[in-house]
Amino acid sequence: MLTARDVQGKIITIPENIPKERLVEWQTNQYYCPCCTAELILKAGQIKIPHFAHKKTSACTASSEPESEYHLLGKRKLFQWFVNNHIEPEMEPYLPEIRKRPDILIYYKEQSYAIEFQCSPISEEVFLSRTKSYQGAGIKPIWILAEKRIKRKKTRKYSLSAFQWLFAMNTVQSPMIFTFCPDKQKLYMLEPLTPFSPRTTFSQLAVLPLSNTLPQILFSTNKTWKFHFTEEWRAQRKSWAIHSVKTAKQSNPFFNGLYKNGLSPAWIPSEIGLPVEGMVMIETSAVEWQGWIFMDCLQNKKIGSRIYRSQIYHSFQRRISNGQIRLRTLPMISAKNPFLAVDAYLTLLVKLEILEFGGKGIYLIKNKLNLPTSSVEYVQLESSIYSKLSEMILL
Ligand SMILES: [Zn+2]
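If you're wondering where the values come from, they're calculated on a predicted model, not measured in any experiment. (Residues numbered from 1 in each chain as written. Predicted model: local features only at pLDDT ≥ 70, side-chain atom pairs only at ≥ 80, totals over all residues. Heavy atoms only, no water.)

**With respect to helix H6 (residues 253-260)**
Here is step 1: Regarding H6, the residues found buried are Phe254, Phe255, Gly257 and Leu258. An end-on view of H6 places all buried positions within 155 degrees of arc, on one side of the element.
Here is step 2: Structurally, H6 contributes buried residues whose contacts are with helix H5 (230-247) and helix H7 (286-298).
Here is step 3: With a side-chain oxygen positioned 2.8 Å from the backbone nitrogen of Phe254, the residue opening H6 is Asn252. (Buried < 20%, exposed > 50% of the residue type's maximum accessible area, 1.4 Å probe, protein only. Helix = DSSP H or I, 4+ residues; strand = E, 2+ residues; numbered from the N terminus. Arc of directions from axis to C-beta. Contact = heavy atoms within 4.5 Å. Polar contact = N/O pair within 3.5 Å; in protein donor to acceptor, adjacent residues only side chain to side chain.)

Here is the structure:
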């Protein structure tokens with residue numbers, strides 16, 4: 001940490017460019033933890049940024065030690081960024097009512113924000129409890145992930161762990177993650193996060209040097225859903241058709257479901273596994289949750305028969321309760337209703353003329369999903385779906 005109490009009880013922060021002589025002077029004094037009041041030592045080596053640390057491994061609730069150079073530098077740079085842009089930050093303020101100590105606290109337009117720059121992995125439990133504490137105190141947490149932790153697989157394809165997904169902010173329509181590299185003094189914005197499966201996620205990447213970026217970017221609330229990844233999605237969906245069976249476990253209930261319904265994973269219709277608004281709330285891949293809707297509610301219905309939306313919700317809910325459809329933990333995104341994604345999917349099926357509206361809460365089967373009988377036919381059907389999808393996106 002960069003902040004401590006001195007002998008008089010005053011909160012002090014180590015200046016950014018402290019000369020060596022003054023540091024020696026500083027080191028002769030005594031310092032105390034603002035949280036647990038234990039005595040702290042001022043560590044000032046050759047390389048590492050001078051910082052305070054507890055003497056031994058302490059049970060201090062507000063400390064996350066040992067602190068890396070990357071973390072210390074990150075706090076410094078972000079702090080200075082707020083100062084430069086006239087948003088007054090507090091470094092590591094101790095908040096006694098919730099017994100938490102965010103890296104930085106800022107106040108902007110009548111809202112407090114706790115900025116956490118997370119470099120080391122912590123447990124999901126700790127992340128969630130800290131987030132809830134802030135939210136309970138009316139403080140909005142903004143978690144920024146260390147840039148070096150992000151795994152990029154291709155230009156616009158990332159592998160995000162469940163832990164990294166916790167960092168998603170903004171809205172279900174346009175979820176985003178911020179990462180930061182203190183060495184390069186750049187923020188990175190992954191947006192909109194468009195998950196294909198629990199981990200594989202498509203996203204655009206914006207590189208934002210602190211020097212010409214305003215902190216207000218952290219508070220955005222974009223509520224428009226846009227799909228930017230038709231080509232990548234299509235390739236991933238094809239790859240799923242080819243490879244998923246090879247890696248699926250025998251006990252996998254989804255693949256068992258397919259076999260019981262006479263469906264081969266390689267040939268399930270391309271209308272299953274399409275991108276829709278709100279799908280970020282569902283951790284299970286779109287192919288699987290849409291596949292369940294198909295098997296549970298659509299497959300055995302004749303053309304013209306009615307389906308009630310409530311039935312679809314009910315069977316979807318049952319798959320959630322069984323654990324066959326899993327929801328994503330997104331503590332910083334509010335208004336999460338997974339049925340939004342179900343509705344968006346049904347609307348898409350109407351546009352693709354598989355369903356039609358039959359009045360309030362009612363759908364009619366307009367066309368059966370074509371089960372291809374040869375690979376030539378499969379390719380034709382797939383190509384037709386994706387050209388329709390591209391047209392819809394362009395509209
Ligand atoms: Zn302490």
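Now that the structure has been shown, we can carry on.
**Here we look at the domain arrangement of the protein**
Here is step 1: Domain annotation of the protein identifies domain 1 (1-62), domain 2 (68-226) and domain 3 (230-394).
Here is step 2: Put simply, the middle of domain 2 and the middle of domain 3, counted by C-alpha atoms, are 32 Å apart.
Here is step 3: Listed as interface residues are 28 residues of domain 2 and, on the opposing side, 26 residues of domain 3.
Here is step 4: Buried area between domain 2 and domain 3, both sides added, is near 2200 Å², and the carbon and sulfur share of it is 70%. (Domains from an automatic or database assignment. Buried area = accessible area lost by both parts, 1.4 Å probe.)

**Remarks on helix H9 (residues 339-351)**
Here is step 1: Here H9 spans 18 Å end to end across 13 residues, near enough to the 18 Å set by a 1.5 Å rise per residue.
Here is step 2: Regarding H9, the residues found buried are Phe339, Ala341, Val342, Ala344, Tyr345, Leu346, Leu348, Leu349 and Val350.
Here is step 3: Immediately downstream of H9, the backbone of Glu353 shows phi near 60 degrees, a positive value. (Expected span 1.5 Å × (residues − 1).)

**Focus on the UniProt feature "domain: Competence protein CoiA C-terminal" (unreviewed entry) in the protein**
Here is step 1: The sites that carry the UniProt feature "domain: Competence protein CoiA C-terminal" (unreviewed entry) are, in the present numbering, residues 232-373.
Here is step 2: With 45% helix and 7% strand, the stretch residues 232-373 has end C-alpha atoms that lie 26 Å from each other. (UniProt positions renumbered as here; feature names shortened; annotations may be inferred.)

**Regarding the sheet that holds strand E17 (residues 355-357)**
Here is step 1: Strand order in this open sheet of 3 strands is E16-E18-E17, and the pairing throughout is antiparallel. A single partner strand is all that each edge strand has here, and the edge strands are strand E16 (306-308) and E17. The average undirected angle you get between the axes of adjacent strands in this sheet is 35 degrees.
Here is step 2: Where E16 and strand E18 (residues 362-365) come together, 3 bridges link them in antiparallel fashion. Paired with Arg306 across the bridge in E18 is Leu364.
Here is step 3: Packed onto the sheet, helix H8 (residues 309-322) meets E16 and E18 and runs at close to 60 degrees relative to E16. (Pairing = 2+ DSSP bridges. Axes fitted to C-alpha atoms, helices over the stretch in contact; angles between N-to-C directions.)

**Examining the side chain of Thr194**
Here is step 1: Locating Thr194 in the fold gives a position in strand E14 (residues 186-195).
Here is step 2: A residue is classified by how much of its surface remains accessible, and Thr194, at 4% relative accessible area, is buried.
Here is step 3: Residues in contact with Thr194, not counting those within four places in the same chain, are Thr201, Phe202, Phe227, Phe229, Trp233 and Met279.

**Regarding the nonpolar core**
Here is step 1: Ranked by internal contacts, the top residues of the largest apolar core, which has 54 residues, are Ile115, Phe127, Ile144 and Leu218.
Here is step 2: Residue assignment for this core shows that the elements contributing at least two residues are helix H2 (69-84), strand E7 (104-108), strand E8 (111-118), helix H3 (124-136), strand E9 (139-146), helix H4 (162-165), strand E13 (175-181) and E14.
Here is step 3: Broken down by element, this core gets its largest block of residues, 6 residues, from H2.
Here is step 4: Those residues within four positions of Leu218 in sequence are excluded, and the remaining contacts are Trp81, Phe82, Ile115, Ile142, Ile144, Met169 and Phe178.
Here is step 5: Grouped together as the second largest cluster of nonpolar side chains are 50 residues, Trp233, Met279, Tyr345 and Ile365 included. (Core = buried A, V, L, I, M, F, W, Y, C linked by side-chain atoms within 4.5 Å.)

**Considerations on the pairing of strand E4 (residues 39-43)**
Here is step 1: What you see with E4 is a clean split: Leu40 and Leu42 sit on the buried side and Glu39, Ile41 and Lys43 on the side with no burial.
Here is step 2: Where strand E3 (residues 31-32) and E4 come together, 2 bridges link them in antiparallel fashion. Paired with Tyr31 across the bridge in E4 is Leu40.
Here is step 3: Hairpin connection, E3 to E4: the antiparallel pair is bridged by 6 residues, and Thr37 has positive phi, about 65 degrees.
Here is step 4: Judged from the 4 bridges that link them, E4 and strand E5 (residues 51-54) form a sheet pairing that is antiparallel. The partner of Leu40 across the bridge, within E5, is His54.

**Points about the environment of Trp267**
Here is step 1: Along the polypeptide, Trp267 turns up in the loop between H6 and H7.
Here is step 2: Along the chain, Trp267 and His314 lie 47 residues apart, while their C-alpha atoms are 27 Å from each other.
Here is step 3: Beyond its immediate chain neighbours, meaning those up to four positions away, Trp267 contacts Pro372, Thr373, Ser374, Ser375 and Tyr378.

**Section: the packing of H5 against H6**
Here is step 1: Between H5 and H6, the shortest axis-to-axis distance is 11 Å and the interhelical angle comes to 105 degrees. Between H5 and H6, the angle falls in the class roughly perpendicular. Every residue of H6 that contacts H5 at Trp240, Ser244 and Val245 is listed here: Phe254, Phe255 and Tyr259.
Here is step 2: In terms of residue class, the contact of H5 with H6 is made up of 5 nonpolar, 1 polar and no charged. (Parallel < 35°, antiparallel > 145°, perpendicular 65-115°, else oblique. Nonpolar A, V, L, I, M, F, W, Y, C, P; charged D, E, K, R; others polar.)

**Things to note about the packing of aromatic side chains**
Here is step 1: Applying the stated criterion across every chain, the model contains 27 aromatic pairs.
Here is step 2: Taking 6.1 Å as the distance between ring centres and 20 degrees as the angle between the ring planes, the aromatic pair formed by Trp225 and Phe227 counts as stacked.
Here is step 3: Residue Trp225 is classed as partly exposed on the basis of its relative accessible area, which comes to 27%.
Here is step 4: Residue classification places Phe227 among the buried positions, given a relative accessible area of 8%.
Here is step 5: Every member of this aromatic cluster is reached through a ring pair, and the members are Phe196, Phe202, Trp225, Phe227, Phe229 and Trp233.
Here is step 6: Taking the ring centre of Trp165 as reference, the NZ or CZ of Arg328 above it sits at 4.0 Å. (Phe/Tyr/Trp six-rings, centres within 6.5 Å; stacked < 30°, edge-to-face > 60°. Lys NZ or Arg CZ within 6 Å of the ring centre and 35° of its normal.)

**Brief notes about unusual backbone geometry**
Excluding glycine, residues mostly have negative phi values, and the peptide bonds linking residues are mostly trans.
Here is step 1: With an omega of -10 degrees, the peptide bond between Glu191 and Pro192 qualifies as cis.
Here is step 2: With respect to the helices and strands, the residue Pro192 is situated in strand E14.
Here is step 3: Despite not being glycine, Asn170 shows a phi value in the positive range, around 75 degrees.
Here is step 4: Within the element layout of this structure, Asn170 appears in strand E12 (residues 169-170).
Here is step 5: Since its relative accessible area comes to 13%, Asn170 is described here as buried.

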